[in-house]
Every structure is written in C-alpha cells, then in structure tokens.
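Listed below, chain by chain, are the residues.
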Amino acid sequence: MDKAKPFCIAKREVWEAYKRVKANQGAAGVDGQSIAEFEQDLSNNLYRIWNRMSSGSYFPPPVLRVEIPKDNGAGVRPLGIPTVSDRIAQMVVKRYLEPKLEEHFHEDSYGYRPGRSAHDALSVARQRCWKYDWVLDLDIKSYFDSIDWELMMRAVRHHTDCKWVLLYIERWLKAPVRMPDGALVSREKGTPQGAVVSPGLANLFLHYAFDRWMARQFPDVPFERYADDAICHCRSEAQARELRKALEVRLAECKLQLHPLKTKIVYCKDANRRDNYPQPRFDFLGYTFRPRQSMNRAGRLFVSFAPAISDQAAKAMRQHVRRWKLHLRNDLGLGELARWTRPVLLGWVRYYGRFYSSALHRALRTLDRFLVRWARRKYKRFRGHEMRAWDWLNQLRARQPALFAHWGLASAVGR
C-alpha cells in the first residue's frame, strides 16, 4: 500500500470489483468505451482507478441517460449508465458497504440482496394473501429520482464513518446526466437507476423511511418489499385505509410521495371470501394476483387468489415475439430457430413460469403460431394446409418437448 495516499484502498479490491463488473457486462457510458475496449489497456486502467480513488482525486463522469421498455410493457424506464471505469469504482464502494448494511435490513426486504429473489417475495405474498383478506398495493412516485440527498447521506453515515466511502457516494449522487440529445443536466435529488451503488442506497433509504417505520407503527401488518415496490397485508379495509393515510404522511416527511392512481386497496377474493368489491386484483413484480380457478390435491376445482404472469408482461412478450418475424426466416432450420430463441424463452419460462404456468403457456402460443407460419412457407406440403402444419408441430412437440424452452410448460399444465 502506498503510504502517501490519504485513503487506504487495496489494489486487490479494484481487481475484484473489475471482475464483478465484467461478469455483469452492461453498455458503454458517456465515453463510449465498452468492457472489451477497457480491457485493451487493463493494467493501466485499473491502476488509474485505484490511484485516483486512493488519493481522493476521483471525480465521476456524467451518467448517460437511456430509456428502456419496462418489464411489464407499460412505458419506458429511464436509466443512468455510468462508464465502465465508474462502474468499477462504484463496485469498490459497494463491496465495502454492502456487508455492513445487509445485517441490518428487514426480513421482508427482498430487492437487490444476496440470497434473495423476486420469486421469494412472490411466494411469501401468495401465502399471506391466503391469510389476510386485504392488500395495500404501494407505488412510490418516481422513487429513484426523488431520494433526498441529505437524508440519504444521514442514513449512510449511520452505518459507516469511512471517509472515502462517504466522499464518493456524495459525488456519485451529484454527478450530472448526459441526455440523449447531448445536453448536460445537473440534478438536485435522486440516484440514477443503472448505477452500481444505487440499489443498495435505495434499499437503505426505504429501510428507514418504510421498513423500520412499519415495524414501529404497524407491527401487525406484514409486508413484502422489493426495492420501491411493496405489498402490505391487512385484516380489514379500515386497517388498509388507515395505513394508507399514515404512509402518505410518513413518506412526505421523507420527501417522497405515494402515486395517487397506482396505490390501491385490494380485496383478496377467493372461494371463502364471497363479498364483492371493485378492486379484486393487483400487480407485483410482473405477476397479477387475482381470483383464479385452481385444483386441490383431491383433483377438485376451487377459486384461489393466486399470481400469474401479468397482462402487461404477457403483451410485451407477444410483441417481442412478433418483432422476431420468425415466419420470414426461411434461411434457418428448425434447430437454428430453437437455438436463436432459446435464451429469451428460457428467461421468460424461468421467471414467469414459477406460478400458474398455464397463463404463460397461453401467452407463448404466439410463438407456436409463428412456427406454423414458418413451416407453411418453408415446406411445400404445408402450403394451403394450416391444420396439417399444426398437426406436424404438435407431433414434433410430443417427440421433442425440450426443443423450444416453452414447450415443457404444456406438459406441466397437463399434470
């Protein structure tokens, strides 16, 4: 370690941070430098990051604003993409800070935490919807863009007094944004989605603004929170209304705001809950919870309040499949089509097929229709014979159910 440096940061930490950033991949930032280009002078680039961070002279470049479609297909999500060098510097801080925060976080906080997943949150939410009649579905308006810097830094200082960690977090919070039109925009609050340190900081802010407050003020109301998406389980409509009013006040104290239209009170209607209320459904992490026909272990049908892929996510999925234009790819064989589509299909099946997979199976029938159109264009014996092409596809699926990643859902639905 260089004794002349004011901050003691091990070179090994920068190397480990680089390996994590490389594994995560990601787009280039404002400098246009990819990970591959960064690696062309890897040793000097990593040394430069370490030298500047250790001396206190590291200043983050602007983050690049890009817009990506939301997972549920409803609009776009603004992201702030740091440069590769900046992602590595942020990863150094994240690796230092994350273990110190993790031990304090709430049991029902699931987002961006090691060993926890969206499926964990969905599974717990499903079970609690069976136990509690009512849900308060929370939506914090523009959460990542609304985080107050002073309150944020107060929370960070509560967990560390490391000077270089505090220095660089504050600089990252204040880094300007390069807009798509090239304009450089300064910010006064918020932390960019897409920054390496942002998920941990966002979790920490809501740990104090929401999690600990809930434990003090409403200890009998369980919840699941994934970043800024939260579901609270209430025993009555009156309790849900009381909680909503109290949360509006609490979040205002933290300079946040509940979304007035997206925040709603939901009745978890099932076979044992026969009352009629106008709002019997809510969306959480790409799934829609609502009354659904299910089958018990005895093989009898009943109505359960259960999650399945949301209508918005299914619509976005079908649009994605249409953009492939598989029916026009006569240059590819069937095996090539399967390999080409497999990574995306497998991701959908692994995420949206966990609960009530029949709904995902129906959504992905769009792909089968394109495969039939592909076969009718490619093979003369199917031209003008759509039903014959469907028979061929169904027989193929029976023989090779693993050829396309979503075909296994059909047998699961049958079982």
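About the cut-offs
- Residues numbered from 1 in each chain as written.
- Predicted model: local features only at pLDDT ≥ 70, side-chain atom pairs only at ≥ 80, totals over all residues.
- Heavy atoms only, no water.
- Pairing = 2+ DSSP bridges.
- Helix = DSSP H or I, 4+ residues; strand = E, 2+ residues; numbered from the N terminus.
- Axes fitted to C-alpha atoms, helices over the stretch in contact; angles between N-to-C directions.
- Contact = heavy atoms within 4.5 Å.
- Expected span 1.5 Å × (residues − 1).
- Buried < 20%, exposed > 50% of the residue type's maximum accessible area, 1.4 Å probe, protein only.
- Arc of directions from axis to C-beta.
- Salt bridge = Lys/Arg side-chain N within 4 Å of Asp/Glu carboxyl O.
- Parallel < 35°, antiparallel > 145°, perpendicular 65-115°, else oblique.
- Left-handed = near helix turned anticlockwise from the far one by under 90°.
- Nonpolar A, V, L, I, M, F, W, Y, C, P; charged D, E, K, R; others polar.

Enquirer: What am I meant to see in the sheet that holds strand β11 (residues 301-309) here?
Expert: Hydrogen bonds between backbone groups are what pair the strands of a sheet, and the pairing can be parallel or antiparallel. Spatial ordering of the open sheet is given by β9-β10-β11, a layout of 3 strands whose pairing is antiparallel. At either end of the open sheet lies a strand with only one pairing partner, and these are β9 (282-284) and β11. Taking the axes of each pair of neighbouring strands and ignoring which way they run, one obtains an average angle of 50° across the sheet. Alignment of strand β10 (residues 287-295) against β11, held across 9 bridges, turns out to be antiparallel. Note that in β11 the partner of P291 across the bridge is F305. Seen against the sheet, helix α11 (residues 311-324) touches β9, β10 and β11 and runs at an angle of roughly 55° to β11.

Enquirer: Looking at this structure, I do not really get helix α10 (residues 237-253). What am I missing?
Expert: At 3.6 residues per turn, the α-helix brings residues three or four places apart onto the same side. Taking 1.5 Å per residue as the helical rise, α10 with its 17 residues ought to reach 24 Å, and the 25 Å between its terminal C-alpha atoms agrees with that figure. When α10 is considered as a whole, its buried residues turn out to be Q239, A240, L243, R244, L247, R250 and L251. One face of α10 carries all of its buried residues, which in axial projection span an arc of 135°. In this structure, α10 carries A238, K245, V249 and E253 as exposed residues pointing more than 90 degrees from its buried face.

Enquirer: Is there a simple way to explain the pattern of salt bridges in this structure?
Expert: Any two side chains of opposite charge can pair, given that their charged atoms come close. A full pass over the atoms with the stated rule returns 22 salt bridges. R376 serves as the salt-bridge partner of E386, at 3.8 Å between the closest nitrogen and oxygen. Residue E386 is found in helix α15 (residues 386-399), and its partner R376 is found in helix α14 (residues 365-378); the two are separated by 10 residues along the sequence. A residue is classified by how much of its surface remains accessible, and R376, at 27% relative accessible area, is partly exposed.

Enquirer: What am I meant to see in the packing of helix α4 (residues 84-102) against helix α8 (residues 163-174) here?
Expert: Packed helices, taken two at a time, are described by their axes: the angle between them and the distance between them. Where α4 meets α8, the closest approach of the two axes is 11 Å, and the angle between their N-to-C directions is 135°. One finds that α4 runs oblique with respect to α8. The way α4 lies across α8 gives a crossing that is left-handed. Seen from α4, the contacting residues are D86, A89, Q90, V92, V93, Y96 and L97; seen from α8, they are W164, V165, I169 and W172. A class-by-class count of the residues in the contact of α4 with α8 yields 9 nonpolar, 1 polar and 1 charged.

Enquirer: What is the right way to read the sheet that holds strand β6 (residues 223-226) from this model?
Expert: Taken together, the 4 strands give an open sheet; going across it, the order is β6-β7-β3-β8, and neighbouring strands pair in antiparallel fashion. Unpaired on one side and paired on the other, β6 and β8 (264-267) mark the two borders of the sheet. Averaged over all adjacent pairs, the angle separating strand axes in this sheet is 15°, with direction ignored. Pairing of strand β3 (residues 134-139) with β8 involves 4 bridges; the strand directions are antiparallel. Looking across to β8, one finds that W134 is bridged to Y267. Across the sheet, helix α5 (residues 118-131) touches β3, β6 and β7 (229-234), and the angle it forms with β6 is around 160°.

Enquirer: What should I look at first to understand the packing of helix α3 (residues 42-55) against α4 in this one?
Expert: Closest axis-to-axis distance for the α3/α4 pair is 10 Å, and the angle between their directions is 55°. Relative to α4, α3 is oriented oblique. Relative to α4, the crossing made by α3 is right-handed. For the pair α3 and α4, the contacting residues are L46, I49 and M53 in the first and S85, I88, A89, V92 and V93 in the second. For the contact of α3 with α4, a count of residues per class yields 7 nonpolar, 1 polar and no charged.

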